[in-house]
Amino acid sequence: MYCSLLLKRARLALASALLLAALPAGAQTTLRIGMTAADIPATTSQPDSGFEGNRFAGLTLFDALTLWDLSSAEKPSVVIPGLAESWAVDAKDKTKWVFKLRKGVKFHDGTAFNADAAIFNFEKVLDKSKPHYDARLVAQTLPRMPTLKGATKVDDYTIIVETSEPDAFLPFNLTNLFMASPAAWAKTRSWTEFAKAPVGSGPWKFVRLVPRERLELEKFTGYWNKNRVPKTDRMVLIPMPEPNTRVAALLSGQVDWIEAPPSDAIPQLRSKGYQITSNPYPHTWPWQLNVAPGSPFADKRVRQALQLAVDREGLRRLLGFNAIAAKGVVFENHPWFGKPKFEVKYDPVTARKLLAEAGYGPGKRLKMKVQISASGSGQMQPIAMNEYIQQQLKEIGVDVEFDVIVWETLFNNWRLGAKDPAARGADAINVSFAWQDPFFGFARFYDSRMVAPRSVNWGWIQDAEMDKLVAKARGSFDAKARDIALSKVHERAVEESYFLFWVHDVGPRALSPKVKGFVQAKNWFQDFSTVSMQ
Amino acid sequence: MSMPSPATSELDLRGAAPAPVFDPATALVAQATRGYWRTVLARILRDKVTVACALLLLAIVLLAVFAPLLALADPFKGSILRRLLPIGSEGFLLGTDELGRDMLTRLIYGGRLSLVMGITPVINALLIGAFLGVVGGFMGGKINTLIMRTIDVFYAFPSVLLAVAISGALGAGIFNAMVALTVVFIPPVARVAESVTTQVMSLDFVEAARASGASSFTIIRVHILGNVLGPVFIYATSLISVSMILASGLSFLGLGTKPPEPEWGLMLNTLRTAIYLNPGVAALPGAMIFMVSICFNMMSDGLRAAMDVTQ
């Protein structure tokens, strides 16, 4: 029975292969991508599965008022106009922003994008009295824009967006609020039904979705930005959470592109002619320390000692050099890096000295417990990497014990904070994170109000000086002044070493030689429009 | 993965020769039993496959137990510069792992935890499950219903799912993983014990023992346990391989051993991404799991054949 099924499948595969081969050149082109997600991210207009969800089921089907510039591989990407042509904060009341909307934009169903459509999409996550409000969408949205309060229409192409406090980070945050077609929702008045045939205004149109199997999209020729009309006819997204499966799928020609190939498979892929692209992007892999009073890590000297105890070159070697050594939350050449007075580097002599000053030595070894996962989205190779760090810390007299938990639980514990019983007395937690906007990179960690349950100040950082610096950045509406203010936050973050910065990810991808024109931006999101198939 | 079904294991009641019913003196029973076990041993020694498997297992167990006495490399100390050396490298007979630690040493040390995690839950389940099954079968009626229907509830879950769910709820760690596996194995053991007990209870010699004034305790000890232990023991040995694979699976998922403790399942997890770079080394922990569980299975088969007097 099983055998005959296999035979049938093999025949089917053969038949379809012959069919494909028989197609004339220049026929429809298809780009097939193996994602790391375990399922198709929600197509409700507010995807789940983290930023990978936004990459594949958000920015492909939908647009936001503001978008990331993904056109360059060299420059750090910045926020550019999307469905809003321009925006400005009200000079008198800094909690109000005027957004001028783009004219002539059509959703895939032909209806127009205007102020009503924009307001509809604000209401879906903010206004409980509206039928299109949905708690599931809220969960994927509001934690990324905690100060967003509401939006009102001025005229057909102007809206006012309100925040609960002056917040210069709003344009960044709004890259995560996707605009769905109100007319498409109104057909069934249910986001569950909408997700079965989602309609947005993005460069890709929905074709078909098979849960856990595939999401098929086709190019939207009516896209408002003619430069971003896709060069490939179709795109098929396939969830493949197991890294070796992705490699096998690429090698066997089942997909043309895989996300995050395991570093040990890269040399082989390269030798077989596959393109390996990578570019540092805002994704760092740290230990976040518990600094609550009473913890050994409340002492800055201990934190700095650990920071100096690990040779990050070894970690890079472990990852096949698909990482860069971290010297802070952001890269060294990033506008937010600043000039920290403490340098993160490998210096075991100073590390031992600092530990001795803090009262630890051969007679009194420092013991610590770290919660880690065995795998998980963006966690790179958590067990091997943590074991390496454990070995290195042992050399300076720090004994590390691991509490290995399932990735979803770890992620949940991250939100519950170090004082929750779920932390089981851990001194640190290992969750890799995105820092591409100031809220994600700084405010949610260093603002003293962001402790559980509000956000992920896991280790209970209560630093009045830091609060002031974060508030200043949040209140700096001029881009240059904001970047300077953020660099001050970053300088303090490095000097205080509340996090142990290990490595930044470079987001390796492996592409078949047939894939042309891909530009890997220094971003979590990527533009698939420029990609063509040969 | 499915556990061997208790229904398919041969519950041969003639296997353990029942004691003469008219003589409650246990000396005779013991003698009869000793003769029986001698036959079993002789039969096993004639079975080459079983002997080979037993010797292999013995070697692995001895290596694991005396690992610290052997002049081996440090299982925890590595060097990132010599990571993933192939099998047969100088100084590293079986190569090195992803952190440059000696694979041979880690495989030997890994055997300690893997074997403990494979065998302990089965022993625990054997004791608890046999107790529950014999009590259920002997008492009958409402008590039997209570015990056996509760056990049926556990049967409703696939064993892997149940193990993952329990250790997920209890948290990671060797102890919790063993608790989870024990819970998984109690129901099938109890079911085997209960069905044999029920069958023995309906036989004439039990009636006779009761009529002759033997106490419940004596009946259980002499007549029931004597017949129940054989089949239950054979069934339990067949569970060891399942237990090892499940335990390795839990460690693979991060629910068992804590790094850097070597354990075959965990080693398989951390080495699997190297399968394209150094397939030989990456496959070693899997090969160990495979070999040991096959050996336990073959031994269990051999034991069953040897204990079956009808052959």
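Residues numbered from 1 in each chain as written. Chains lettered and ligands numbered in written order. Predicted model: local features only at pLDDT ≥ 70, side-chain atom pairs only at ≥ 80, totals over all residues. Heavy atoms only, no water.

### Side note on the overall build of chain B
The cut-off we apply is this: Secondary structure elements are taken from DSSP: a helix is a run of H or I of four residues or more, a strand is a run of E of two residues or more, and numbering for both begins at the N terminus. Working definition: with a 1.4 Å probe on protein chains only, accessible area under 20% of the residue-type maximum means buried, over 50% means exposed, and in between means partly exposed. Contacts between residues were defined by any pair of non-hydrogen atoms, one from each residue, lying within 4.5 Å. Here the accessible surface of atoms and residues is derived via Shrake-Rupley with a 1.4 Å probe, and residues count as covered only by protein chains that are part of the display.
When its secondary structure is counted, chain B shows 10 helices and zero strands. Scored against the burial criterion, the 311 residues of chain B give a buried share of 48%. When contacts within chain B are restricted to residue pairs at least 6 apart in sequence, those whose partners lie at least 24 apart make up 75%. Of the accessible surface of chain B, which amounts to about 14,200 Å², a share of 71% is contributed by carbon and sulfur atoms.

### Looking at the packing of aromatic side chains
Here is the rule we go by: A pair of Phe, Tyr and Trp rings is counted when the ring centres sit within 6.5 Å of each other, with Trp represented by its six-membered ring. The angle between the planes then sorts it: under 30 degrees is stacked, over 60 is edge-to-face, the rest tilted. Placement of a charge over a ring requires the Lys NZ or Arg CZ to be within 6 Å of the ring centre, with the centre-to-atom vector within 35 degrees of the ring normal.
Inspection of the entire model under this criterion finds 35 aromatic pairs over all chains. On the basis of an interplanar angle of 55° and a centroid distance of 5.1 Å, the ring pair of A:Phe51 and A:Phe525 is categorised as tilted. Residue A:Phe51 is located in helix α2 (residues 50-58), and its partner A:Phe525 is located in the loop between β21 (515-516) and β22 (532-533); the two are separated by 474 residues in the primary sequence. Both residues of the pair, A:Phe51 and A:Phe525, belong to the buried class. Ring geometry for A:Trp414 versus A:Phe445: centroids 6.1 Å apart, planes at 45°, classification tilted. Of the two residues, A:Trp414 is situated in helix α14 (residues 407-416) and A:Phe445 in helix α15 (residues 438-446); the sequence distance between them amounts to 31 residues. Note on accessibility: A:Trp414 and A:Phe445 belong to one class, buried. Through pairs of rings, three or more aromatic residues link up here, namely A:Trp407, A:Phe411, A:Trp414, A:Phe433, A:Phe445, A:Tyr446, A:Tyr498, A:Phe499 and A:Phe501. One Lys or Arg, A:Lys419, reaches over the ring of A:Trp460 and ends 3.8 Å from the middle of that ring. The ring centre of B:Tyr155 lies 3.9 Å from the NZ or CZ of B:Arg191, which sits over that ring.

### Observations concerning the interface of chain A and chain B
What counts is decided by this rule: Accessible area that two parts lose when put together, with a 1.4 Å probe and added across both, is what the buried area reports. Here, a salt bridge means any Lys or Arg side-chain nitrogen found within 4 Å of an Asp or Glu carboxyl oxygen.
Each partner contributes residues to the interface: chain A has 29 residues there, and chain B has 30 residues. Of the roughly 2,400 Å² buried at the junction of chain A and chain B (both faces included), carbon and sulfur atoms supply 56%. There are five salt bridges connecting chain A and chain B. Residue A:Glu242 is joined to B:Arg272 by a salt bridge in which the shortest nitrogen-to-oxygen separation is 2.4 Å.

### Describing the domain arrangement of chain A
Residues and elements named next belong to chain A. To keep things clear, this is the line we draw: As annotated, the domain borders come from an automatic or database domain assignment. As used in this structure description, the phrase polar contact means that two N or O atoms lie within 3.5 Å; if the pair is within protein, one of them must be able to donate a hydrogen and the other to accept it, and residues adjacent in sequence are counted only when both atoms belong to side chains. Throughout, the ten residues Ala, Val, Leu, Ile, Met, Phe, Trp, Tyr, Cys and Pro are labelled nonpolar, Asp, Glu, Lys and Arg are labelled charged, and all others, Gly among them, are labelled polar.
One can read the domain layout of chain A as domain 1 (1-61 + 202-279 + 508-534), domain 2 (62-182) and domain 3 (283-505). Distance from the C-alpha centre of domain 2 to the C-alpha centre of domain 3: 32 Å. With 15 residues of domain 2 at the contact, the number on the domain 3 side is 15 residues. Here domain 2 and domain 3 share an interface that buries about 1,400 Å² over both sides, 71% of which is from carbon and sulfur atoms. It is Ala168, Phe169 and Phe172 in domain 2 that bury the most area against domain 3; as a group they hold 42% of the surface buried on that side. At the boundary of domain 2 with domain 3, the tally comes to two salt bridges. Joining domain 2 to domain 3, the criterion identifies one residue pair in polar contact (both at pLDDT 80 or more). Residues of the side of domain 2 that touches domain 3, tallied by class, amount to 10 nonpolar, one polar and four charged.

### Considerations on helix α8 (residues 216-252) of chain B
Residues and elements named next belong to chain B. Put simply, the rule reads: The span one expects for a helix is its residue count, reduced by one, times 1.5 Å. By definition, a residue's bend is the angle between the axes fitted to the seven residues ending there and the seven starting there.
With 37 residues, α8 should cover 54 Å at 1.5 Å per step; its first-to-last C-alpha distance of 46 Å lies more than 12% under that length. At Leu225, α8 is bent by approximately 50°, the largest bend along its length. Phi turns positive, to about 90°, at Gly254, one or two residues after α8.

### Overview of the packing of helix α9 (residues 264-271) of chain B against helix α10 (residues 279-307) of chain B
Residues and elements named next belong to chain B. Put simply, the rule is: With axes taken as lines fitted to C-alpha atoms, and helix axes fitted only over the stretch in contact, angles between N-to-C directions fall between 0 and 180 degrees. The scheme is simple: roughly parallel for angles under 35 degrees, roughly antiparallel for over 145, roughly perpendicular for 65 to 115, oblique for anything else. By definition, turning the near helix anticlockwise from the far helix through less than a right angle yields a left-handed crossing, and turning it clockwise yields a right-handed one.
At a minimum axis separation of 8 Å, α9 and α10 run at an interaxial angle of 150°. Taken together, the axes of α9 and α10 are roughly antiparallel relative to one another. Judged by the twist between their axes, the crossing of α9 over α10 is left-handed. Every residue of α10 that contacts α9 at Trp264, Gly265, Met267, Leu268 and Leu271 is listed here: Val281, Ala282, Pro285, Gly286, Met288, Ile289 and Val292. Of the residues that constitute the contact of α9 with α10, the class distribution is 10 nonpolar, two polar and no charged.

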